Amino acid sequence: MEVAIIGAGIGGLTTALAFKQAGIPFKIYESAPELKPVGAGIIIANNAMQVFRYFGLAEKIAAGGNRISVMNITKPGLQPLSSGSLEYFEKKYHLSNVAIHRARLHHILTEAVGEEHIVLNKRLKQITRDNKNFQLTFIDGSTHVHEYIVGADGINSKVRKELFKEDELRNAGQLCWRGVTQFQLPQEHHHAVNEAWGKGKRFGFLRIDERTVYWYFLINNKYAESDTDILPLLHDFHPLASQIVRSTSKENLIVNTISDLKPISRWSMQNACLIGDAAHATTPNLGQGACQAIEDAYVIAQLLQKHSIGDTFNRYPELRMEKARYIVNASWKIGNLAHLESGIGISLRNLLLKAVPDRVNKKQLEKIFALSAVQ
């Protein structure tokens with residue numbers, strides 16, 4: 001009855017905690033040859049922190065990162081367009097949004113799951129069905145048989161391609177640079193995430209611990225390529241943006257294109273299911289990619305208390321699909337809005353951002369932070 005989890009990312013590891021809690025044997029197959037510190041920063045939003053509290057990890061994650069209590073959208077020069085305090089949600093849920101280095105979060109999750117459950121250097125090649133079992137064939141020639149399989153292998157999921165056949169990725173037409181650097185931000189930015197919207201580009205930054213800043217820069221891809229020096233592209237942003245980027249070493253830079261997965265009709269079939277980016281990859285504009293994978297794991301954990309593994313896999317998409325699709329679609333729209341190039345369009349957008357009442361922003365955040373109900 002051992003469950004195979006394909007992928008030892010944040011979603012796969014958190015889902016492993018659900019099986020561990022239920023006393024169900026599992027094995028995680030990870031394509032990377034070793035577990036080493038990788039990635040940049042990440043914001044663990046309140047909904048995901050609620051899940052980590054459920055699994056007993058919220059305090060450790062909060063201690064390893066930095067509290068984020070304000071979310072600002074600004075003009076390139078950091079003049080405010082929209083500012084949202086998270087104090088209401090901090091009081092309601094007794095938790096804060098936490099910014100943390102991905103590598104640190106990954107270490108906390110790996111430690112909680114147990115490295116003995118993770119098999120490295122296992123890149124999936126093929127899945128075949130034998131009666132009720134799945135035979136997994138890996139690039140190294142090895143095969144393993146499991147009755148149940150969870151695809152937690154990201155936006156380019158091999159499990160999805162092999163079993164579900166729906167695989168249309170959508171390119172947002174944007175390039176993204178992410179970096180982490182040792183940098184002292186001014187006091188007013190210590191517990192805020194700032195995202196400056198310009199003409200077809202934006203720059204965001206936040207503190208992930210007392211000494212480290214995580215930043216990201218996105219631009220419409222007709223203006224840059226992956227090897228472009230981005231410093232000249234920041235000339236119209238606040239000088240802080242160039243200072244942060246200039247302080248970042250090349251080995252701490254990550255560049256990629258922004259894409260999502262066109263919503264698919266099924267996340268589960270015959271003792272197999274998809275979670276996280278394998279099921280509902282989203283653009284990063286709501287900061288909810290990993291958080292939604294973490295919510296998937298929570299719903300699976302809740303269902304396993306009352307149902308068999310097979311029934312859990314069948315029921316879980318019914319509880320998660322509506323919210324995940326909302327996130328995917330809303331994030332796509334925000335990405336388009338943030339990257340307008342028309343002067344008139346930008347002026348109207350900025351007026352709109354200033355005019356939106358706090359109650360409207362609060363309502364949207366409530367929808368994001370409230371966990372999916374499990375009956």
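A brief structural summary. Here the structure is a predicted model, which means the values were calculated and not measured.

Scanning the entire structure with this criterion turns up 16 salt bridges. The residue arginine 104 makes a salt bridge to aspartate 209 at a minimum N-O spacing of 3.9 Å. Within this pair, whereas arginine 104 is found in helix α5 (residues 102–113), its partner aspartate 209 is found in the loop between β15 (201–207) and β16 (212–220), the two being separated by 105 residues in sequence. With a relative accessible area of 13%, aspartate 209 lands in the buried category. Ionic contacts of the salt-bridge type, sharing partners, join the residues Glu295, Asp296, Arg320 and Lys323 into one network.

With antiparallel pairing, the 3 strands of this open sheet are ordered in space as β9-β10-β11. Sheet topology places β9 (124–130) and β11 (143–146) at the edges, where each strand pairs with a single neighbour. In this sheet, adjacent strand axes meet at a mean angle of 20° when their direction is disregarded.

A separate point is a nonpolar patch on the surface. Together, Ile344, Leu348 and Leu351 give the surface a local cluster of nonpolar side chains, amounting to about 350 Å² of exposed area. Along the chain, leucine 348 turns up in helix α11 (residues 343–355). Overall, the relative accessible area of 54% leaves leucine 348 in the exposed class.

Along the chain, threonine 212 falls in strand β16. Excluding its chain neighbours within four sequence positions, the residues that come into contact with threonine 212 are Val180, Thr181, Gln182, Leu206 and Arg207.

What follows deals with helix α2 (residues 46–54). Counting buried positions over the 9 residues of α2 gives 7, a clear majority of the element. Of the positions making up α2, those classed as buried are Asn46, Asn47, Ala48, Met49, Gln50, Val51 and Phe52. Positive phi shows up at glycine 56, right after α2, with a value of about 80°.

The strands making up a sheet associate through backbone hydrogen bonding, with each pair oriented either parallel or antiparallel. Sheet architecture is open: 7 strands sit in the order β6-β5-β14-β15-β16-β13-β17, paired in mixed fashion. At either end of the open sheet lies a strand with only one pairing partner, and these are β6 (80–85) and β17 (253–261). Neighbour to neighbour, the strand axes of the sheet diverge by 20° on average, direction disregarded. The pairing of strand β5 (residues 70–74) with β6 spans 5 bridges and is classified as antiparallel. If you follow methionine 71 over to β6, its bridge partner there is glycine 84. Here helix α7 (residues 239–246) sits on the sheet and contacts β13 (169–182), β15 and β16; the angle it forms with β15, its principal contact strand, is near 70°.

Counting across every chain of the model gives 13 aromatic pairs. Relative to tyrosine 316, the ring of tryptophan 267 has its centre 5.7 Å away and its plane inclined at 45°; by these criteria the two rings are tilted. Taken as a pair, tryptophan 267 in the loop between β17 and β18 (268–269) and tyrosine 316 in helix α10 (residues 309–338) lie far apart in primary sequence, 49 residues in all. Neither residue differs from the other here; tryptophan 267 and tyrosine 316 are each classed as buried. Here lysine 362 stacks its cationic end above the ring of tyrosine 88, 3.7 Å away from the centre of that ring.

Moving on to the pairing of strand β7 (residues 97–101). Of all the 5 residues making up β7, 4 are buried; the element is thus mostly covered by neighbouring parts of the structure. With 4 bridges joining them, strand β3 (residues 41–44) and β7 adopt antiparallel strand pairing. When the sheet's bridge partners are listed, isoleucine 42 is paired in β7 with isoleucine 100. With 3 bridges joining them, strand β4 (residues 66–68) and β7 adopt antiparallel strand pairing. Bridge pairing in β7 links isoleucine 68 to asparagine 97.

Each value, and the rule that gives it
- Residues numbered from 1 in each chain as written.
- Predicted model: local features only at pLDDT ≥ 70, side-chain atom pairs only at ≥ 80, totals over all residues.
- Heavy atoms only, no water.
- Salt bridge = Lys/Arg side-chain N within 4 Å of Asp/Glu carboxyl O.
- Helix = DSSP H or I, 4+ residues; strand = E, 2+ residues; numbered from the N terminus.
- Buried < 20%, exposed > 50% of the residue type's maximum accessible area, 1.4 Å probe, protein only.
- Pairing = 2+ DSSP bridges.
- Axes fitted to C-alpha atoms, helices over the stretch in contact; angles between N-to-C directions.
- Patch = residues over 30% accessible without salt bridge, like charges linked within 9 Å, V, L, I, M, F, W, Y side chains within 5 Å.
- Areas by Shrake-Rupley, 256 points an atom, 1.4 Å probe, with all protein chains shown as cover.
- Contact = heavy atoms within 4.5 Å.
- Phe/Tyr/Trp six-rings, centres within 6.5 Å; stacked < 30°, edge-to-face > 60°.
- Lys NZ or Arg CZ within 6 Å of the ring centre and 35° of its normal.

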